[in-house]
Amino acid sequence: MKKLLAILITVIMVVGVVATLAACKSDNVIDIWVGSESEVFYQGIADEYIQQYNAAHPDEPFPYEIKVSGGDISGYAATVLNDAEAGPDIFSIPHDNIGKLMGDNPILSAITDQSLITQIEADNPDGFKEVIKADVGGTTHYVGVPYIGQSLVLYYDKTVLSEDDVKTWEGIAAKAEELSTSTHPVKATFPMGNDCYNLSLFTLARKIDSRNPDDGTLETSTAVHIYEGATANDRARNVVFATDQEVAVYKWAQRFFKNDHGMTLAPDDSITVSLAKGNNECGNYLTLVGGAWKYKDVQNAFGDNTAIAELPEFTITEADAYGTITEGTQFKSGTFADCKILCINGFASEDHAPYLQDIMKYMSSKEVQERSFEECNNLPTYKNAATEFEAMTPGADATAQQIIAAQLAQVQTSMMRYGIPQPFGFHTLLNNRFYSSGADAIIQDILLQRDSANNGAAAYNTDESLLAGLTRVQNLWLGKS
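Definitions and cut-offs
Residues numbered from 1 in each chain as written. Predicted model: local features only at pLDDT ≥ 70, side-chain atom pairs only at ≥ 80, totals over all residues. Heavy atoms only, no water. Core = buried A, V, L, I, M, F, W, Y, C linked by side-chain atoms within 4.5 Å. Buried < 20%, exposed > 50% of the residue type's maximum accessible area, 1.4 Å probe, protein only. Helix = DSSP H or I, 4+ residues; strand = E, 2+ residues; numbered from the N terminus. Domains from an automatic or database assignment. Phe/Tyr/Trp six-rings, centres within 6.5 Å; stacked < 30°, edge-to-face > 60°. Axes fitted to C-alpha atoms, helices over the stretch in contact; angles between N-to-C directions. Parallel < 35°, antiparallel > 145°, perpendicular 65-115°, else oblique. Left-handed = near helix turned anticlockwise from the far one by under 90°. Contact = heavy atoms within 4.5 Å. Pairing = 2+ DSSP bridges. Nonpolar A, V, L, I, M, F, W, Y, C, P; charged D, E, K, R; others polar. Polar contact = N/O pair within 3.5 Å; in protein donor to acceptor, adjacent residues only side chain to side chain. Buried area = accessible area lost by both parts, 1.4 Å probe. Salt bridge = Lys/Arg side-chain N within 4 Å of Asp/Glu carboxyl O. pLDDT = per-residue confidence, 0-100. Expected span 1.5 Å × (residues − 1).

Student: I'd love a proper account of the nonpolar core, names of residues and values included.
Tutor: Within the largest apolar cluster, 83 residues are counted, with the highest numbers of intra-cluster contacts made by Trp169, Phe202, Tyr250, Leu286, Phe434 and Trp477. A per-element tally of this core places helix α9 (residues 244-258) first, with eight residues. Here this core spans two domains, and each of domain 1 (28-149 + 338-418) and domain 2 (152-336 + 437-478) adds at least three residues to it. If you look at the next biggest cluster of nonpolar residues, it comprises 53 residues, including Ile32, Ala84, Ile93 and Val131.

Student: Can you tell me about the packing of aromatic side chains, naming the residues and giving the values?
Tutor: Scanning the entire structure with this criterion turns up 26 aromatic pairs. Considering the side-chain rings of Tyr49 and Tyr53, the 6.2 Å spacing of their centres and the 40 degrees angle between planes classify their relative orientation as tilted. With a gap of four residues between them, Tyr49 and Tyr53 both fall in helix α3 (residues 39-56), about one helical turn apart. Per residue, the accessibility class of Tyr49 equals that of Tyr53, and both read buried. An aromatic cluster is defined as three or more aromatic residues linked by ring pairs; in this entry it consists of Tyr197, Phe202, Phe241, Tyr250, Phe257, Trp293, Phe336, Phe434, Tyr435 and Trp477.

Student: Can you lay out the packing of helix α5 (residues 114-123) against helix α12 (residues 353-363) for me, pointing to particular residues and giving the numbers?
Tutor: Across the interface, α5 lies against α12 with an axial gap of 9 Å and an inter-helix angle of 25 degrees. Accordingly, the angle class assigned to the pair α5 and α12 is roughly parallel. Crossing geometry of α5 relative to α12 is assigned as left-handed. Two secondary-structure elements touch here, α5 through Ser115, Leu116 and Gln119 and α12 through Gln357, Met360 and Lys361.

Student: Please provide a residue-by-residue account of the pairing of strand β7 (residues 153-157), values included.
Tutor: The buried count for β7 comes to five of five residues, which makes it a mostly enclosed element. Burial along β7 is two-sided: Val153, Tyr155 and Asp157 facing one way and Leu154 and Tyr156 facing the other are all buried. Pairing analysis gives four bridges linking β7 to strand β11 (residues 285-290), with the strands arranged antiparallel. Counted as the bridge partner of Leu154 is Val289 from β11. Of the strand pairs in this sheet, β7 and strand β12 (residues 306-309) are connected by four bridges, and their pairing is antiparallel.

Student: An account of the sheet that holds strand β6 (residues 145-150) is requested, with residue identities and associated values reported.
Tutor: Strand pairs in the sheet, formed through backbone hydrogen bonds, run parallel or antiparallel to each other. Here five strands make up an open sheet; going across it, the order is β2-β1-β3-β16-β6 and the pairing mixed. The open sheet has two edge strands, β2 (65-71) and β6, and neither has a second partner. Here the average twist between neighbouring strands, direction ignored, is 25 degrees. As defined by bridge partners, strand β1 (residues 29-35) adjoins strand β3 (residues 90-94) across two bridges and the pair is classed as parallel. Looking across to β3, one finds that Trp33 is bridged to Phe91.

Student: Describe the packing of α9 against helix α18 (residues 463-478), naming the residues involved and giving the relevant values.
Tutor: Orientation of α9 relative to α18, taken along the N-to-C sense of each, is 110 degrees, at an axis distance of 10 Å. By the angle between their axes, α9 is roughly perpendicular relative to α18. Seen along the crossing, α9 lies across α18 with a hand that is right-handed. Taking contact as the criterion, the partners of Glu246, Val247, Tyr250, Lys251 and Gln254 in α9 are, on α18, Asp463, Leu466, Leu467 and Leu470. Taken together, the residues of the contact of α9 with α18 break down into five nonpolar, one polar and three charged.

Student: So what's going on with the side chain of Ser333? Which residues, and what values?
Tutor: Its place among the elements puts Ser333 in the loop between β14 (330-332) and β15 (335-336). Take Ser333: its relative accessible area is 0%, and that puts it in the buried class. Within the structure, Ser333 has its side chain in polar contact with the side chain of Trp169 (distance 2.9 Å). Discounting residues that sit within four places of it in the chain, Ser333 has contacts with Trp169, Leu201, Ala205, Leu311, Pro312, Phe314, Met415 and Tyr418.

Student: Describe the environment of Leu379, naming the residues involved and giving the relevant values.
Tutor: Looking at the element boundaries, Leu379 is found in the loop between α13 (366-376) and α14 (385-388). A sequence separation of 13 residues divides Leu379 from Met392, and the C-alpha atoms of the two residues are 9.8 Å apart. Once you skip the residues sitting within four places of it in the chain, Leu379 turns out to touch Tyr147, Ile148, Gly149, Gln150, Ala409, Gln412, Thr413 and Met416.

Student: How would you explain the domain arrangement of the chain if you had to name every residue and give the values?
Tutor: Each domain of the chain was delimited in the assignment, giving domain 1 (28-149 + 338-418) and domain 2 (152-336 + 437-478). Summarising the inter-unit geometry, the C-alpha centres of domain 1 and domain 2 are found 31 Å apart. Taken together, the contact between domain 1 and domain 2 spans 15 residues of the former and 27 residues of the latter. Between domain 1 and domain 2, roughly 1,700 Å² of surface is buried when both sides are summed, and carbon and sulfur atoms account for 60% of that area. There are one salt bridge connecting domain 1 and domain 2.

Student: Mind laying out the confidence of the model for the chain, listing which residues take part and the relevant values?
Tutor: Per-residue pLDDT for the chain has a mean of 90; in total, 92% of the residues score no lower than 70. In this model, residues 1-24 is a region of pLDDT below 50 whose contacts with residues beyond four sequence positions or in other chains number 40 contacts.

Student: Report on the sheet that holds β14, specifying residues and quantitative values.
Tutor: Strand order in the open sheet formed by four strands is β10-β9-β14-β13, with antiparallel pairing between adjacent strands. Looking at the sheet topology across the chains shown, the edges are occupied by β10 (218-221) and β13 (313-315). Sheet twist, expressed as the mean angle between neighbouring strand axes with direction ignored, is 45 degrees. Along the sheet, α9 makes contact with β9 (206-211), β10, β13 and β14, crossing β13 at roughly 95 degrees.

Student: An account of α18 is needed here, citing residue identities and associated values.
Tutor: Residues spaced three or four apart along an α-helix face the same direction, because each turn holds 3.6 residues. Between its first and last C-alpha atoms α18 spans 22 Å; for 16 residues at 1.5 Å apiece the expected length is 22 Å, and the two agree. Among the residues of α18, Leu466, Gly469, Leu470, Val473, Gln474, Leu476, Trp477 and Leu478 are the ones counted as buried. In this fold, the buried residues of α18 make contact with α8 (200-203), α9, α16 (428-436) and α17 (439-448). Directly after α18, the chain includes Gly479, whose backbone phi takes a positive value near 90 degrees.

This is how it looks when you write it as structure tokens:
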């Protein structure tokens, strides 16, 4: 199919070099877009796929070249949406971008190859399987294939904090107070951003119901529900946020932010500068709540002393107790646990279409996911990776970097037990309600007990006003004024 070049300038603004490649591509080439950090690896996988295909079909070798290009996957949905015919055959997006591409004129093709469907259902946790579906022609289909996972974790310097210190927020704050001086005050932590995603450690906090005495794993529960069970045709379903649990959690969080050695919103300085020790025993902050994509920034500050832990626990005090949540109730910080997916561009070359699902099956196989982790530090989505992938349990001769990479993968995988995939991919309406309705500004104000719309006046400092603020957030997520 002939490719359109009319909006080349717009596309270049979104993804730069990758857009230029797309404009010049040939019908003899199957184009695949992945993250820039994985471009070289997946080009090797594509070449390997062709070799294996040719070995299995000596009389009919693979008829095309496969070209893998790298860029910022967060912009790919917008680029393809602008001109699908100029886009790649296969491309990667965060799963919550599905809705952007499945409007009145759906762009993504349904996954129909039964062997690929079988692989998706066998290899992925239930949460991922639910958020990669969309309505195609009146029927629900998978429209993406998970191949990289991610969740929020806690980064710290192991020479400053011990494994016991980072088990609780209270322990980290106590260490920050101990390390502070009159000229160098120290805070416990900060998030890598201030939106509803990065502050999900409170929104998705889970009550600890029991603790396994053998391995310390937790059984948890939550009263919070965010679009749980939502579908493309039922977009306002089940948002519950203004609960006893969240009032108690946010009362605790308010005190944590008010504590001179507690938490702040993301500072103006870079992550590296905020964490770097300088001439002091520690930086201005002891830890970072962040994703895997901030790993290099943390390493610039901590080097081989970088360590990763699950997001900490915290305990409700008498000052925080509310309703059914009593003093002494313990909580585990939560996270969004997401996946990056491979999708098929329904407006790509019709001649290429018969080959694309088999290529994605190979690229997302558990064997390739393990190698992607080994070579690119990409967290697998394969549900048994933590126990079956050897690279996630480095041997005695492993380098410091291999040990840190394995720890990052292990901790992200373990945090997925205390999180949910962002449930906004079904329709852009849900994404906009959650991220663009102003709810994040209200949550920030709640944490800092201020009213930004009233010159920062004191606010949300009573149980009633806090519940009212949480109710307002709930209504915004529901699409109510």
